[in-house]
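Fold and contact review
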Amino acid sequence: MISMPLLLSSSASSLPLPRPIIETRNLQLCYGTTPAIRGVSLSIQEKVVTAFIGPSGCGKSTLLRCFNRMNDLIDNVQIEGECLIGGENIYSREIDVIELRKRVGMVFQRSNPFPKSIFENIAYGCRLQGLKDRGDLYGIVERSLRGAALWDEVKDRLHESALSLSGGQQQRLCIARAIAIKPEIILMDEPASALDPIATARVEELILELKRDYTIVIVTHNMQQATRISDYTAFFYLGELVEYNETNRIFTNPEIKRTEDYVTGRFG
Amino acid sequence: MENHFTHHQQDLAFLKDRLLLMAGHAEGSVNKAIRALMERDGVLARQIKEEDQVIDNFEIEIDELCLRQLARAPLASDLRFITVAMKISRDLERIGDEATTISRRVLELNSEAQLKPYIDIPRMARLALDMLKEALDAFVSRDSNRARLLIPRDKEVDAIHKQLQRELVSYMIENPSTITRALNLMTISKAIERIADHATNIAEEVVFNCEGLDIRHSASALQDS
C-alpha cells in the first residue's frame, strides 16, 4: 500500500542525493488506547523541505512532534518503534531531551513570541544555554533576524515589544528564534495558516532560503503551499503513511488512488 | 472514505462536454469538406467556413473555462485533464482550419474539370478521420492503450500523402495545364495529413491524461505499446 521513492537511487530525481537525517522504523503512537500513528517507516533527507499532508486527524502533526519529543509533554502517550535522528534513536534512555530540542527546532501554527522585546525573544534561548556576552548575543540576534529575513524591518526597534509586530513578522521572529540556537532540523506545523497571502509568501520564500542550511519538515493543509516549497511530500491517512514521493510526482501523478482523491479534493 | 460530486467536478464534467461538442463540429467539418470534394458540391464547401467560426468560438470558450479552473489550482489528474483539454481544443481548432483549407481548394477545383479520379484522397481522409474518432473515443473512455495503438497509423497517412505528391508532380511535369489543379490537390492532401497529425497529438495527450506520461517525440514509448 505504501508507495515510497527510492530516495538513494540515482534515478529517483534530478535533485542532489542528500543523506537521510530523520528515519522512522515502524513507528507507532497511541493516545491512551487510540492509535494516532500506525507503523510509519520513512526517511527524511537532509537539507530538503519535506511536506506532510493529509486530512485532519491523520497523524501528521503527531508524527512531526515525535521528531523533537514534544509528545512527551502529553499524558498517556505510548510510542513503539524507532525514530532516529542522525542515526541515533531519540527515544533511547541516553538521549537528553533538552539537547534534542536544540537540534530540532519547532515553529507552530500560531506565532508565539515571548512577551518581551524583539531582541530578548532571540537572545533568551542563547542565555539559557549560558551565553552572557552582550556583543555575542547581539551578533546572534542580527544573524538570526537576517536569516529570517526580518532584520531590515526591525533593526531600529529591537527593544520594542515583539507583540507590536504584525502576525507575519511575529511568525518570522519565531523562525529567527528557532534558528538562533543553530538547530539541524526545523519542524513547522502549519506555519503560515494564520497569515495573509503576502505574509505567507514571505514565510514560504524564507523556507526556501533556509533549506540551504537546515532540514525542514512542514505540516500543511495547503496543497499549493506544499507544491511551492517542498521537495518531497508524504501523504498520511488514518495514521498510516499512504504515499511518499517527490512533490512534483505526488501533485501531478500520484501512484495511489487515495492520494489522488485527497489532492484533487474528492475526499477529506 | 466519502466521495462527493463537488461543484469543481461538475465544472470539469461541463468542460469535457464542451470539448466533445467541439470535437463533433471539427469531425463534421472534415467529413463535409471531403464530401464537398468528392461530390464537387460548392454549397457544402461554403458551409464549412461558417462551421469554422463555431469551432473558433469553442476554442475561446474552452480556454476561458480552463483558465477559470486553473485559477482554482487543481492538482493531479484534474490538473492534467485541464492542460490536456487546452491542447486538445487547440488541435481541434487546427483541424477545423484544415477543413476550411480543403473547402477553399474544393471551390477552386470545381471551376475546372476533375483532374483525375479521387481514390487516394478519400482513402487518406478515411484513415485520418478514423484516427481522430479513435483518439476522441480513447479520450472519452480514458483508454490510453487505445490511444497508443492508433499513433503508428499516422505513418500510413504520411505514406499515402507522399505517394500522392509524387503522382501529382508527374501530372504537372507531363502537362503544365494541370498545375493549378494538382497544386490544389496537393494542398488538400497536406491538410488531411495534418489532420492525422492532430489526431496523433490528441492520442498522445490522452496517454498523458491517463498515465501522466509524456510520450511525445518518444519512439521507445510507442514501442512499449
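The structure reproduced in this document is the subject of the present report. Quick caveat: nothing in here was measured; it's all calculated off a predicted structure.

**Remarks on helix α3 (residues 118-128) of chain A**
Residues and elements named next belong to chain A. Burial in α3 covers these residues: Ile118, Phe119, Glu120, Asn121, Ile122, Ala123 and Cys126. Those residues of α3 hidden inside the fold are in contact with α4 (134-147), α5 (151-154) and α6 (167-180). A positive backbone phi angle near 100° is found at Gly130, which sits one or two residues after α3.

**What to know about the sheet that holds strand β3 (residues 49-53) of chain A**
Backbone-to-backbone hydrogen bonds join strands into a sheet, with any given pair of strands oriented parallel or antiparallel. Residue and element names in this part refer to chain A. As summarised here, the arrangement of the 6 strands in space is β6-β7-β8-β3-β9-β10, forming an open sheet in which the pairing is mixed. Two strands close off the open sheet at either side, each with one partner strand: β6 (104-107) and β10 (240-246). Within this sheet the neighbouring strands show an average axis-to-axis angle of 20°, counted without direction. As judged from the 4 bridges shared by β3 and strand β9 (residues 232-237), these two strands associate in the parallel manner. Counted as the bridge partner of Ile53 is Phe235 from β9.

**As for the interface of chain B and chain A**
Each partner contributes residues to the interface: chain B has 17 residues there, and chain A has 16 residues. Between chain B and chain A, a total of about 1300 Å² is buried, with carbon and sulfur atoms accounting for 50% of that surface. For the pair chain B and chain A, the interface holds 1 salt bridge. Arg266 of chain A is the salt-bridge partner of Asp78 of chain B, the closest N and O atoms lying 2.9 Å from each other. The tally of links between chain B and chain A comes to 7 residue pairs in polar contact (both at pLDDT 80 or more).

Here is what the cut-offs are and how they apply
Residues numbered from 1 in each chain as written. Chains lettered and ligands numbered in written order. Predicted model: local features only at pLDDT ≥ 70, side-chain atom pairs only at ≥ 80, totals over all residues. Heavy atoms only, no water. Buried < 20%, exposed > 50% of the residue type's maximum accessible area, 1.4 Å probe, protein only. Helix = DSSP H or I, 4+ residues; strand = E, 2+ residues; numbered from the N terminus. Contact = heavy atoms within 4.5 Å. Pairing = 2+ DSSP bridges. Axes fitted to C-alpha atoms, helices over the stretch in contact; angles between N-to-C directions. Buried area = accessible area lost by both parts, 1.4 Å probe. Salt bridge = Lys/Arg side-chain N within 4 Å of Asp/Glu carboxyl O. Polar contact = N/O pair within 3.5 Å; in protein donor to acceptor, adjacent residues only side chain to side chain.

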